[in-house]
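Listed below are the residues making up each chain.
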Amino acid sequence: MIEKRSGAERRRFFRIDDRLRLAVRRAPGADDVAGRSGDFDADEFLAGIDRGIAAIIAAARVQAPAVGELAQLLNRKLDYVIERLGQLEVSRAGAPLAEHEVSISACGIGLQSAERYEAGETLQVELMLPPDDTRLCVPARVVRCRDAAPGTWLLQLDFAGMRHDDQEQLIQFIVRRQGQFLQGLREQRDARRARVAS
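Rules and cut-offs
- Residues numbered from 1 in each chain as written.
- Predicted model: local features only at pLDDT ≥ 70, side-chain atom pairs only at ≥ 80, totals over all residues.
- Heavy atoms only, no water.
- Helix = DSSP H or I, 4+ residues; strand = E, 2+ residues; numbered from the N terminus.
- Buried < 20%, exposed > 50% of the residue type's maximum accessible area, 1.4 Å probe, protein only.
- Contact = heavy atoms within 4.5 Å.
- Areas by Shrake-Rupley, 256 points an atom, 1.4 Å probe, with all protein chains shown as cover.
- pLDDT = per-residue confidence, 0-100.
- Pairing = 2+ DSSP bridges.
- Axes fitted to C-alpha atoms, helices over the stretch in contact; angles between N-to-C directions.
- Expected span 1.5 Å × (residues − 1).
- Core = buried A, V, L, I, M, F, W, Y, C linked by side-chain atoms within 4.5 Å.
- Salt bridge = Lys/Arg side-chain N within 4 Å of Asp/Glu carboxyl O.

**Q** Any chance you could explain the overall build of the protein here in plain terms?
**A** Looking only at helices and strands, one finds 4 helices and 6 strands in the protein. For the protein, with 198 residues in total, the buried portion stands at 31%. In the protein, the share of contacts with a sequence separation of at least 24, taken over all contacts with a separation of at least 6, comes to 69%. Element-wise, carbon and sulfur atoms account for 56% of the exposed surface of the protein, whose accessible area totals about 12400 Å².

As structure tokens, then:
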């Protein structure tokens, strides 16, 4: 029997290949949670502020493009300063956000990792979504981790327990990126046709 999925359900499984800035970190164990729960609350608080800033920047781009662009540049500068400050300290989180080639859907992500993880392990994925640099902190479970090139592993993660608002933002990003990709393909096709016709 073929199971029919609703439109919202289909959007969850829609997958794209892209390059994103992200960081993958081990989630704290039960012993660590008591000492670090304030840090994770702060991460979620900052992620909420980032979402609010991204929404305001998106609205400003429509109403006053130059102001929207200025706000986005200031937000990026602030993110950079915060990341640099984090690099100067011994951070609990480890590496700052780095660009990765990914295969991503609203359900999970695949990427190459310099660190090996065990299937079933719980991680935290921090994503920066362009163009507004929306930051999402998402819990994830390791589905598979297998050898790739020397010193790297192919990591497949399932987003487990993602907040509904975060999932909706991720779905909107994926659908928008796919639209941009398809538009680029149409433009290339039309350019080829124009060259052949002339």
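Further notes follow.
**Q** Before we go on, may I ask you to explain the confidence of the model for the protein in this structure?
**A** Parts of the model with low pLDDT should not have their predicted coordinates read in detail. Overall, the prediction assigns the protein a mean pLDDT of 80, with 78% of residues at 70 or greater. In the model, residues 30-38 has pLDDT below 50 throughout and makes 2 contacts with residues more than four positions away in sequence or in other chains.

**Q** Help me understand the sheet that holds strand 6 (residues 153-159) in this model?
**A** Strand order in the closed barrel formed by 6 strands is 1-2-3-6-5-4, and the pairing between neighbours is antiparallel. Across this sheet, the average inter-strand angle for adjacent strands is 45 degrees, counted without regard to direction. Sheet topology note: the strand 3 (residues 108-113)/strand 6 ladder contains 6 bridges and is antiparallel. By the bridge assignment, G108 is partnered in strand 6 with D158.

**Q** When you look at helix 4 (residues 164-197) in this model, what are you seeing that I'm missing?
**A** Three- or four-residue spacings in an α-helix give side chains the same orientation, since the helix completes a turn every 3.6 residues. Between its first and last C-alpha, helix 4 extends 49 Å over 34 residues, near the 50 Å set by a 1.5 Å rise per residue. Those residues of helix 4 lying buried are D166, Q167, L170, I171, F173, I174 and Q178.

**Q** I tried to follow the nonpolar core on my own but got confused; where do I start?
**A** Soluble globular proteins tend to pack their nonpolar side chains together in the buried interior. If you look at the biggest cluster of nonpolar residues, it comprises 25 residues, and the most contacted ones within it are I104, I109, L127, L157, F159 and L170. Excluding residues within four positions of it along the chain, I109 makes contact with R15, L22, V102, S103, I104, L127, L155, Q156, L157 and F159.

**Q** Even after reading the chapter, I still don't get the environment of H100, so can you show me in this structure?
**A** Counting through the fold element by element, H100 comes out in strand 2 (residues 98-104). Sequence separation of H100 and L111 is 11 residues, and the distance between their C-alpha atoms is 6.9 Å.

**Q** Is there a simple way to think about the pairing of strand 4 (residues 122-129) in this case?
**A** For a regular strand, side-chain orientation follows a simple rule: the groups alternate between the two sheet faces. When you tally the buried positions in strand 4, you get 7 out of 8 residues, the bulk of the element. With 6 bridges joining them, strand 1 (residues 16-26) and strand 4 adopt antiparallel strand pairing. Bridge pairing in strand 4 places R21 opposite M128. Of the strand pairs in this sheet, strand 4 and strand 5 (residues 134-147) are connected by 8 bridges, and their pairing is antiparallel. Residue pairing across strands places E126 opposite C137, the latter belonging to strand 5. In textbook terms, the turn of a hairpin is the stretch between consecutive antiparallel strands, and for strand 4 and strand 5 this stretch comprises 4 residues, one of which, D133, has a positive phi near 55 degrees.

**Q** Got a minute to help me understand the environment of A160 in this structure?
**A** Mapped onto the secondary structure, A160 falls in the loop between strand 6 and helix 4. For A160, a relative accessible area of 34% translates into the label partly exposed. As a C-alpha pair, A160 and R141 span 19 residues in sequence and 6.2 Å in three-dimensional space. In contact with A160, other than residues within four places in its own chain, are P139, A140 and R141.

**Q** I keep staring at the pattern of salt bridges and nothing clicks. Help me out?
**A** Any two side chains of opposite charge can pair, so long as their charged atoms come close to each other. Counted according to the given criterion, the structure contains 13 salt bridges. Across the pair E126 and R25 runs a salt bridge whose closest N-O atoms are separated by 2.7 Å. Here E126, found in strand 4, pairs with R25, found in strand 1; they are 101 residues apart in sequence, far enough to count as distant. When its relative accessible area of 10% is taken as the criterion, E126 is described as buried. Judged by its relative accessible area of 12%, R25 is buried. Salt-bridge contacts for R61 lead to D132; the nearest nitrogen and oxygen are separated by 3.2 Å. Of the two residues, R61 is situated in helix 2 (residues 30-63) and D132 in the loop between strand 4 and strand 5; the sequence distance between them amounts to 71 residues.

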